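Results of the structural survey
Next come the chains, spelled out residue by residue.
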Amino acid sequence: MIEYYDISGCYILRPWAMSIWENMQTFFDAEIKKMKVKNCYFPLFVSPGVLQKEKDHIEGFAPEVAWVTKSGESDLEVPIAIRPTSETVMYPYYSKWIRGHRDLPLKLNQWCNVVRWEFSNPTPFIRSREFLWQEGHTAFATKEEADTEVLQILELYRRIYEEFLAIPVTKGRKSELEKFAGGLYTTSVEAFIPNTGRGIQGATSHCLGQNFAKMFEINFENEKGEKSMVWQNSWAYSTRTIGVMVMVHGDNKGLVLPPKVAALQVIVIPVPYKDADTQGIFDACAATVAILSDAGIRAEADLRENYSPGWKYSNWEMKGVPLRIEIGPRDLANNQVRAVRRDNGEKADISRVFLVEQVKGMLEKIQQNLFDVAKRKRDACIEVVKTWDEFIKALGQKKLILAPWCDEEEVEKDVKARTKGEMGAAKSLCTPFEQPELPEGTKCFASGKPATKWTYWGRSY
Amino acid sequence: MVSSLRLPALTSLISPSFTRRSTVSLRRRLHLRLPLAAGFSAQSAASSPTETEDRVDSKKSGRVQDRGSTDRVITPRSQDFNAWYLDVIANAELADYGPVRGTMVIRPYGYAMWEAIQDYLNVKFKETGHSNMYFPQFIPYSFIEKEASHVEGFSPELALVTIGGGKELEEKLVVRPTSETIVNHMFTQWIHSYRDLPLMINQWANVTRWEMRTKPFVRTLEFLWQEGHTAHATLEEAEKEALQMIDVYTKFAYEQAAIPVIAGRKSKVETFAGADKTYTIEAMMGDRKALQAGTSHNLGQNFSRAFGTQFADENGLRQHVWQTSWAISTRFVGGIIMTHGDDAGLMLPPRIAPIQVVIVPIWKKVDEKTGVLDAASSVAETLKNAGLKVKLDDTDQRTPGWKFNFWEMKGVPLRIEIGPRDVSSGSVVISRRDIPGKQGKVFGISMEPSILEAYVKDRLDEIQSSLLQRAISFRDSNIVDVSSYEELKEAISLGKWARGPWSASDADELRIKEETGATIRCFPFEQPQGTKACLMTGKPADEVAIFAKSY
């Protein structure tokens, strides 16, 4: 799916991975178009003056920026930054384009690459120096409209994870320490990888408040003729989604791809036996692919003669194709095919008469099963704690920890400092929207002060 | 024999350690150098706006008409083509200037045109067996350095990253000007045997060339494109692929963009450095200059030999692969603008237009408003359900007359007007963007969904083919068949293209460039029959070539 490249932290997306990205893109693009968001494209390059306009923003991102300092042999008078995210590129134009309330709401999105020169362990898809994403940037006349959209988009992100990637996520709000640099508040969908005991931020939807509007002077004349600042959001998800999918669903044989995003949903493999009508078997494979393809199922046949069926089984299992169909002489004689599920290994003989319905049904079951299993595993990792000792114990057991917290930044920093070690510091992942009941007098697990909310904690990517 | 179900794109390629051989980079010559037209937007004399309709008399409506508002002035094409181009881009909100010199912000309307190109080509690429991928945008400088001979022209154009994460980088990184070096580097790792072939991939990406002189869409510091790269076991396959892709581009240009490109082969002088053959599609813009709108190269074994990209054939012998590459970029959007527009602004072919039908409701009295808006909404619904891209402009901040001008300027192919009389008679008025004034306007088209839908779809088809026909006539009337150098010089000086037999030398070709400013655009695939004599030397010539000034 991915290829390593000479430059550390940069990866090559091979067709298998690229088509997963494209399948998600098709869904998401259609959904935001329904919300009247329009696609556009802003330049890759940012001038430093503009980058520095929002103080907190630049503080958060400056260490990660890549700078172009030369063109050809000559040094540039002013070095130019490559976008780590496009707020500072886009908002000067928002200031120019937005004059009156009729120019609002302004809703733009772009699909592009961004660069963040990270030093923490590069990991394919999860943390790379260049990655592909979409970034939506919207401006409204009122905070209410902005707040509404933040949640609408967050719901789309939940759907991408749960309905397409079959990954259970939790919706919640980030702490003040973890929120977007320069924003008002950040909401996210958080996933958890049971095998490594680490949380992972799946996608974010931020309300920027009026912070950027102030810096970039994005004003509008409201209906009363008064000058007012806009309320803004920004929201993004990236190729990191693919990494999460690999980690959640993979098993010892390799990848397991949810049918909804898999480039190839069904692989048809001929199982010839000595001289028994090989041509007939090959024809049956071709016909099967044709019928399935016509029905909109992504199917192909592996007719290579230099590989044995056994080799092909392992190969396609490794690649994660959700359903395998085998056709041998017996199947041919009985006008049936054998279907094998990648997720649980279940086998079934399907009559060729009902092929399409059965295959569709099986793919749906696989999609649902992948989600159900992932959810069970994730839920089994959740540990509710009330004290520091319980917290440390759960952390050692690679759990996703739900703990009552006093919501103080200093306490959060302290937790990070105290848990720093080989495994990486634990941090707050999110405060879930769905809050369990918090009885009076509950104390914060870390500081002992009165707790105000339940928050998820853990190690993370 | 069962044939077609081999798996082209799904070869499992394991990458063992790769040999680092000297690499050769490919200079992608999508754009030829051009003397830039003067300056930026010349907001000179006000252009005359298109006729407003009698039905919308501003005096009677009692509202101030926004005609000739200063922010919507387009320089006439005949006066200053370049200024017209920049004015249209600004007024139609296609693009804006980036803060870094030479970069471009593609605004939604312009981006939607690029998306239309992408959507169509993506389907075609998949149909022809290609898979999309994504390669990194950073190239180690050492890769580029190894290809000094091919990149000498490029090096002043490379953007170099030397600082990352607050630290000076160990090795300078180039922001990709084109991806051959990376692609070939990886192909060498992925291709081992004939079973790994053909390898056919494509990427949609942004590319950076630090150009000195820029022009929105046509030449920008950073632009978007697709670059296809394929590797084959035989020369025949590579040649077939190169021709197939230029054919895909040609069909796209004719059928979707209504641009009658001339497809052909580049001369040796104009062929991409590193390619055996370059095929091109050449378009004639409104100012009769040529625009190279897309290219497809048969790279032969030039790259595989330089990168050591080999495979074991069916007999176990090691051979070098045969490669192709081909690309179309956001420059094509510039081509669409310059081929079809007129003094009122853009004119978009329905198959590319982000908005195909704009509906303008018209009312004078307040009590007419609801009826008109309701009718307009239901017409909009009908057409949307028919799969058309519709915009209902129902704001009451602008007069109908203003809206007519605005949407004409945006190049929307069809306009539907609905006033109170139309509501009572259950019909609408339809105006074509491509036929101005009364001639292009039809009254009394029934609002009944099936009738309206059929009528609108037919008109859109007509507009699509009419735009193509017009472009063909314009092109053909501006190509002169010449048989001598004198005739060629005359044709070029009149601003036209010259087509004549050619078998002279590279030196002669360069001489023509120096003396007239015209270059050989291509040897067109469509060749006249019969014996010919070279226009320069008089000696026998097998083919005619097309000469023109270009962007």
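Basis of the calculations
- Residues numbered from 1 in each chain as written.
- Chains lettered and ligands numbered in written order.
- Predicted model: local features only at pLDDT ≥ 70, side-chain atom pairs only at ≥ 80, totals over all residues.
- Heavy atoms only, no water.
- UniProt positions renumbered as here; feature names shortened; annotations may be inferred.
- Helix = DSSP H or I, 4+ residues; strand = E, 2+ residues; numbered from the N terminus.
- Buried < 20%, exposed > 50% of the residue type's maximum accessible area, 1.4 Å probe, protein only.
- Contact = heavy atoms within 4.5 Å.
- Areas by Shrake-Rupley, 256 points an atom, 1.4 Å probe, with all protein chains shown as cover.
- Domains from an automatic or database assignment.
- Salt bridge = Lys/Arg side-chain N within 4 Å of Asp/Glu carboxyl O.
- Polar contact = N/O pair within 3.5 Å; in protein donor to acceptor, adjacent residues only side chain to side chain.
- Nonpolar A, V, L, I, M, F, W, Y, C, P; charged D, E, K, R; others polar.
- 1 Å grid on protein atoms, 1.4 Å probe; cavity = no way out; pocket = protein on both sides within 12 Å on 5 of 7 lines; lining within 4 Å.
- Points joined across faces, edges and corners; volume = space filled by probe spheres on them.
- Pairing = 2+ DSSP bridges.
- Axes fitted to C-alpha atoms, helices over the stretch in contact; angles between N-to-C directions.
- Phe/Tyr/Trp six-rings, centres within 6.5 Å; stacked < 30°, edge-to-face > 60°.
- Lys NZ or Arg CZ within 6 Å of the ring centre and 35° of its normal.
- Buried area = accessible area lost by both parts, 1.4 Å probe.
- Patch = residues over 30% accessible without salt bridge, like charges linked within 9 Å, V, L, I, M, F, W, Y side chains within 5 Å.
- Lys, Arg positive; Asp, Glu negative; His and termini not counted.
- Charge placed at Lys NZ, Arg CZ, Asp CG, Glu CD.
- Core = buried A, V, L, I, M, F, W, Y, C linked by side-chain atoms within 4.5 Å.
- pLDDT = per-residue confidence, 0-100.

Going by what an unreviewed UniProt entry lists, chain B is known as proline--tRNA ligase and is assigned to Gossypium raimondii.

Looking at an unreviewed UniProt entry, chain A carries the name proline--tRNA ligase, with the source organism given as Gossypium raimondii. What UniProt records for chain A under Catalytic activity (unreviewed entry) is the sentence "tRNA(Pro) + L-proline + ATP = L-prolyl-tRNA(Pro) + AMP + diphosphate".

A word on the overall build of chain B
Each helix and strand counted, chain B has 15 helices and 25 strands in total. Here chain B, with 551 residues, has 61% of them falling under the buried criterion. Counting contacts in chain B only where the partners sit at least 6 residues apart, residues at least 24 apart contribute 73% of the total. Summed over all atoms, the accessible surface of chain B reaches about 21,500 Å², with 51% contributed by carbon and sulfur.

What about the domain arrangement of chain B?
All names here are of chain B. Domain boundaries assigned for chain B yield domain 1 (81-340), domain 2 (357-459) and domain 3 (482-549). On a C-alpha basis, the centroid separation for the pair domain 1 and domain 3 is 28 Å. Between domain 1 and domain 3, the residue contacts involve 20 residues of the former and 18 residues of the latter. On the surface where domain 1 and domain 3 come into contact, there are three salt bridges. Asp506 serves as the salt-bridge partner of Lys268, at 3.2 Å between the closest nitrogen and oxygen. Applying the counting rule to domain 1 against domain 3 returns ten residue pairs in polar contact (both at pLDDT 80 or more). Elements represented by at least two residues in the side of domain 1 that touches domain 3 include exactly helix H7 (235-255), strand E9 (262-265), strand E10 (277-284) and strand E11 (290-300). In terms of residue count, the dominant contributor to the side of domain 1 that touches domain 3 is E10 (five residues). Of the residues that constitute the side of domain 1 that touches domain 3, the class distribution is nine nonpolar, four polar and seven charged.

So, the layout of surface pockets
Which parts of space are left empty comes out when a probe the size of a water molecule is rolled across the atoms. Residue and element names in this part refer to chain A. Taken as a whole, the second largest pocket spans an internal volume of roughly 1,600 Å³. If you go around the second largest pocket, you meet 50 residues; those closest to its centre are Glu118, Arg127, Glu178, Lys427 and Tyr461. Those elements giving two or more residues to the lining of the second largest pocket turn out to be helix H3 (55-61), strand E8 (130-140), strand E10 (185-193), strand E11 (198-209), strand E14 (231-238), strand E22 (427-432) and strand E23 (453-460). Residue contributions to the lining of the second largest pocket peak at eight residues, all from E11. In terms of residue class, the lining of the second largest pocket is built from 17 nonpolar, 17 polar and 16 charged. Both of domain 1 (2-249) and domain 3 (381-459) provide at least three residues apiece to the lining of the second largest pocket.

Details of the pairing of strand E5 (residues 66-71) of chain A
Each regular strand shows side chains that alternate between the opposite faces of the sheet. Burial analysis of E5 of chain A places six of its six residues in the buried class, the great majority of the element. Examined bridge by bridge, E5 of chain A and strand E5 (residues 159-164) of chain B share five bridges and lie antiparallel to one another. Residue pairing for E5 of chain B: Lys70 of chain A is matched across the bridge by Leu160 of chain B. Sheet analysis places E5 of chain A next to strand E6 (residues 74-82) of chain A, joined by five bridges and oriented antiparallel.

Examining the sheet that holds strand E4 (residues 45-46) of chain A
The strand order E4(A)-E6(A)-E5(A)-E5(B)-E6(B)-E4(B) describes an open sheet built from six strands, whose pairing is antiparallel. Taken across any chain shown, the strands that pair with only one partner, and hence form the sheet edges, are E4 of chain A together with strand E4 (138-140) of chain B.

Side note on the sheet that holds strand E18 (residues 427-432) of chain B
Residues and elements named next belong to chain B. Spatially, the five strands line up as an open sheet ordered E16-E15-E17-E18-E19, and their pairing is mixed. Edge strands, defined here as strands with exactly one partner in the open sheet, are strand E16 (390-392) and strand E19 (441-446). Averaged over neighbouring strand pairs, the angle between their axes works out to 25° when direction is ignored. Direction of pairing for strand E15 (residues 357-361) relative to strand E17 (residues 414-418): parallel, over a ladder of five bridges.

Examining the packing of aromatic side chains
Aromatic ring pairs are defined here through the distance separating the ring centres and the angle between the ring planes. Residue and element names in this part refer to chain A. This structure, assessed with the given rule, holds 41 aromatic pairs over all chains. With a centroid separation of 4.4 Å and an interplanar angle of 35°, the aromatic rings of Phe27 and Phe164 are classed as tilted. Separated by 137 residues along the polypeptide, Phe27 in helix H1 (residues 15-34) and Phe164 in helix H5 (residues 143-164) bring together distant segments of the chain. By the burial criterion, Phe27 is buried, and Phe164 matches it. An aromatic cluster is defined as three or more aromatic residues linked by ring pairs; in this entry it consists of Trp21, Phe28, Trp111, Tyr157, Trp235 and Tyr237. In this structure, Arg324 packs its charged tip against the face of Tyr313, placed 3.9 Å from the ring centre.

Some thoughts on the interface of chain A and chain B
Each partner contributes residues to the interface: chain A has 68 residues there, and chain B has 69 residues. Buried area between chain A and chain B, both sides added, is near 5,600 Å², and the carbon and sulfur share of it is 61%. If you look at where chain A meets chain B, you find three salt bridges. The partner of Lys33 of chain A in a salt bridge is Glu115 of chain B, with the nearest N and O atoms 3.6 Å apart. At the junction of chain A with chain B, the criterion picks out 23 residue pairs in polar contact (both at pLDDT 80 or more). Looking at the side of chain A that touches chain B, its residues break down into 40 nonpolar, nine polar and 19 charged.

Brief notes about a positive patch on the surface
Taken together, the side chains of Lys36 and Lys38 of chain A together with Lys384 and Lys391 of chain B make up a positively charged region of the molecular surface. As for its placement among the helices and strands, Lys38 of chain A is situated in strand E3 (residues 38-39).

With respect to the pairing of strand E25 (residues 544-548) of chain B
Residue and element names in this part refer to chain B. Most of E25 sits inside the fold, with five of its five residues counted as buried. Neither face of E25 is left uncovered, since the one carrying Val544, Ile546 and Ala548 and the one carrying Ala545 and Phe547 both have all their residues buried. As defined by bridge partners, strand E21 (residues 497-501) adjoins E25 across four bridges and the pair is classed as antiparallel. Bridge pairing in E25 links Arg499 to Ile546.

Brief notes about the side chain of Ser431 of chain B
Residues and elements named next belong to chain B. Here Ser431 shows up in strand E18. By relative accessible area, Ser431 is classed as buried at 7%. Here Ser431 is in contact with Pro413, Leu414, Arg415, Glu417, Gly440 and Lys441, once residues within four sequence places are set aside.

Some thoughts on the nonpolar core
With 67 residues, the main nonpolar core has Leu121, Phe217, Phe332 and Ile337 of chain B as its most contacted residues. When residues no more than four places from it in sequence are discounted, the contact partners of Ile337 of chain B are Arg77, Trp84, Tyr85, Val88, Ile89, Leu94, Met113, Phe217 and Leu346 of chain B. Judged by nonpolar contacts, the second largest core, of 50 residues, contains Trp111, Phe125, Ala191 and Val261 of chain A.

So, the confidence of the model for chain B
Of the residues in chain B, 85% have a pLDDT of 70 or more, and the chain-wide mean is 85. Contacts for the low-pLDDT stretch residues 1-70 of chain B, under 50 throughout, to residues beyond four places or in other chains number 188 contacts.

Regarding the pattern of salt bridges
Residue and element names in this part refer to chain B. Under the counting rule described, the total for this entry stands at 58 salt bridges over all chains. With its nearest N and O atoms 3.8 Å apart, the salt bridge here joins Arg219 to Glu211. Taken as a pair, Arg219 and Glu211 share a single burial class, namely buried. Across the pair Arg415 and Glu408 runs a salt bridge whose closest N-O atoms are separated by 3.0 Å.

A few points about the environment of Arg288 of chain B
Residues and elements named next belong to chain B. For Arg288, the position within the fold is in the loop between E10 and E11. In this structure, the C-alpha to C-alpha distance between Arg288 and Gly387, residues 99 residues apart in sequence, is 36 Å. Aside from chain neighbours lying at most four places away, what touches Arg288 is Phe474, Asn478, Leu494, Gly495, Lys496 and Trp497. Side chain to side chain, Arg288 and Asn478 meet in a polar contact 3.1 Å long. A distance of 3.1 Å separates a polar side-chain atom of Arg288 from the backbone oxygen of Leu494.

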